[in-house]
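Topology and contacts: notes
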Amino acid sequence: GAGVSQSPRYKVAKRGQDVALRCDPISGHVSLFWYQQALGQGPEFLTYFQNEAQLDKSGLPSDRFFAERPEGSVSTLKIQRTQQEDSAVYLCASSFDAVGDGNTIYFGEGSWLTVV
Amino acid sequence: QKEVEQDPGPLSVPEGAIVSLNCTYSNSAFQYFMWYRQYSRKGPELLMYTYSSGNKEDGRFTAQVDKSSKYISLFIRDSQPSDSATYLCAMSPYNFNKFYFGSGTKLNVKP
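Remember, it's a predicted structure, so these values are computed and weren't measured experimentally. (Residues numbered from 1 in each chain as written. Chains lettered and ligands numbered in written order. Predicted model: local features only at pLDDT ≥ 70, side-chain atom pairs only at ≥ 80, totals over all residues. Heavy atoms only, no water.)

A short note on the overall build of chain A
Rules: A run of DSSP states H or I qualifies as a helix once it reaches four residues; a run of E qualifies as a strand once it reaches two. Both are numbered from the N-terminal end. For the accessible areas, the method is Shrake-Rupley and the probe is 1.4 Å, while residue cover comes only from the protein chains on display. His residues and chain termini do not enter the charge count, which takes Lys and Arg as positive and Asp and Glu as negative. Where a charge lies is defined by one atom per residue type, namely NZ (Lys), CZ (Arg), CG (Asp) and CD (Glu).
Assigned secondary structure in chain A consists of zero helices and 11 strands. Along the longest, intermediate and shortest principal axes, the C-alpha atoms of chain A span 40 × 25 × 25 Å. Approximately 5,600 Å² of chain A is accessible, and the part contributed by carbon and sulfur atoms is 48%. Positive and negative charge centroids in chain A, built from 10 and 13 side chains respectively, lie 11 Å apart.

Side note on the nonpolar core
Going by this rule: Take the buried residues of types Ala, Val, Leu, Ile, Met, Phe, Trp, Tyr and Cys, join any two whose side-chain atoms come within 4.5 Å, and each joined set is a nonpolar core. Each residue is placed in one exposure class: buried if its accessible area under a 1.4 Å probe, protein chains only, is under 20% of its type's maximum, exposed if it is over 50%, and partly exposed if it falls in between. Working rule for contacts: check all heavy atoms of both residues, and any pair within 4.5 Å makes them a contact.
Membership of the largest hydrophobic core comes to 24 residues, with the highest contact counts inside it found for Trp35(B), Ile72(B), Leu74(B), Ile76(B), Tyr87(B) and Met91(B). Those residues within four positions of Tyr87(B) in sequence are excluded, and the remaining contacts are Gln6(B), Leu21(B), Tyr36(B), Arg37(B), Leu47(B), Leu74(B), Ile76(B), Gly104(B), Thr105(B) and Leu107(B). By size, the runner-up hydrophobic cluster in this structure holds 20 residues, among which are Leu60(A), Ala67(A), Ile79(A) and Tyr90(A).

Details of unusual backbone geometry
Leave glycine aside and you will find that most residues have negative phi; peptide bonds, for their part, are mostly trans. At the junction of Ser7(A) and Pro8(A), the peptide bond is cis and its omega measures out at -5 degrees in the coordinates. When you line up the elements, Pro8(A) lands in the loop between β1 (5–7) and β2 (10–13). A cis amide bond, omega 5 degrees, links Gly9(B) with the succeeding residue Pro10(B). Of note, Pro10(B) is situated in the loop between β1 (4–6) and β2 (11–14). Residues other than glycine seldom take positive phi values, yet Arg41(B) does so here, at roughly 65 degrees.

Notes on the sheet that holds strand β7 (residues 61–66) of chain B
All names here are of chain B. Operational definition: If DSSP finds at least two bridges between two strands, the strands pair. Lines fitted to the C-alpha atoms define the axes, with helices restricted to the stretch that makes contact. Angles between their N-to-C directions range from 0 to 180 degrees.
Sheet architecture is open: five strands sit in the order β1-β3-β8-β7-β6, paired in antiparallel fashion. Two strands lie at the open edges of the sheet, namely β1 and β6 (54–58), each paired on one side alone. With strand direction ignored, the average angle separating the axes of adjacent strands in the sheet is 15 degrees. Sheet analysis places β7 next to strand β8 (residues 71–76), joined by six bridges and oriented antiparallel. Bridge pairing in β8 places glutamine 64 opposite serine 73.

Re the packing of aromatic side chains
Selection criterion: Only the six-membered ring of Trp is used, alongside the rings of Phe and Tyr, when aromatic pairs are assigned; centres must lie within 6.5 Å, and planes under 30 degrees apart are stacked while those over 60 apart are edge-to-face, with the rest tilted.
Inspection of every chain in the model, using the stated rule, returns 17 aromatic pairs over all chains. Where Tyr35(A) meets Phe101(B), the ring centres are 5.6 Å apart and the plane angle is 80 degrees; that geometry is what we call edge-to-face. Linking Tyr35(A) in strand β4 (residues 31–37) with Phe101(B) in strand β10 (residues 100–101), this pair reaches from one chain into another. Phe101(B) shares its class with Tyr35(A); the two are buried. Judged by centre distance (6.5 Å) and plane angle (40 degrees), the ring pair of Phe65(A) and Tyr90(A) falls under tilted. Of this pair, Phe65(A) sits in strand β7 (residues 65–68) while Tyr90(A) sits in strand β9 (residues 88–95); the two residues are 25 residues apart in sequence, bridging distant segments of the chain.

Put into C-alpha cells, the structure is as follows:
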C-alpha cells in the first residue's frame, strides 16, 4: 500500500478484554516500530522490529503487552486483560532501513483504544 | 525528568508571523533530531530531519540544532492557518531504532 495501514482505527474494549491491533507497514520496509500516545502527550516507544526479529521491547509497559511480526511484514500488538490506563492511541511506524542519513520513518494514523 | 522537554503551549499567532518552537534534552547520545507535525486524529508526519549540529532549511521551515546547549528549534516563516497543528520534536541516538519525543506544542495560526 501507499502508506502504513493500521486497523482497527477505533476500538472500545471492556476492562479485562483482550485486544489485537494490526499494522501493515510500507512494502519493503525493514524496520517497524510501535508507539503509545496518551492524550496530550508525545508518542512513547514500545517496541522495535528489524524484519521478524524483535530487537527492543524495553518500552512494553507490562507482560500484558505482546508484539509479533512473524514473517517480517505485518505486525500485531496484543494487549491482554486490558486496563483503563491502556486507553491511548497506538501508533505503528516503518522505515526502509535502521540507519542512514535522510532515512524517513513513516507513521500510520493510529489505533485509538478506549477501555471502559 | 523526561529526556526531552517541550513547552506544550498552546501558541497562538496571527497569519504571516514567524513561529519559534523549541525543545531541550538531557541525553548527549542523541545524534538525530526530527520535527513532526500532527494534525488532530492523524499520525505524525515528518517535517524536518537533522543529523548532529547545524541548521537545515526547507521552504518556510528552518531547523536548528545546538548540541552544546542540548537545544533544538524549528522556525516557521510566513505562518499559514494550515500550519495549525501539534508540533513534536523527536530525537534518536546513533542506532536510530528508538525515538524519544517531546510532549508536543499546539500551534494555532489565526487568519
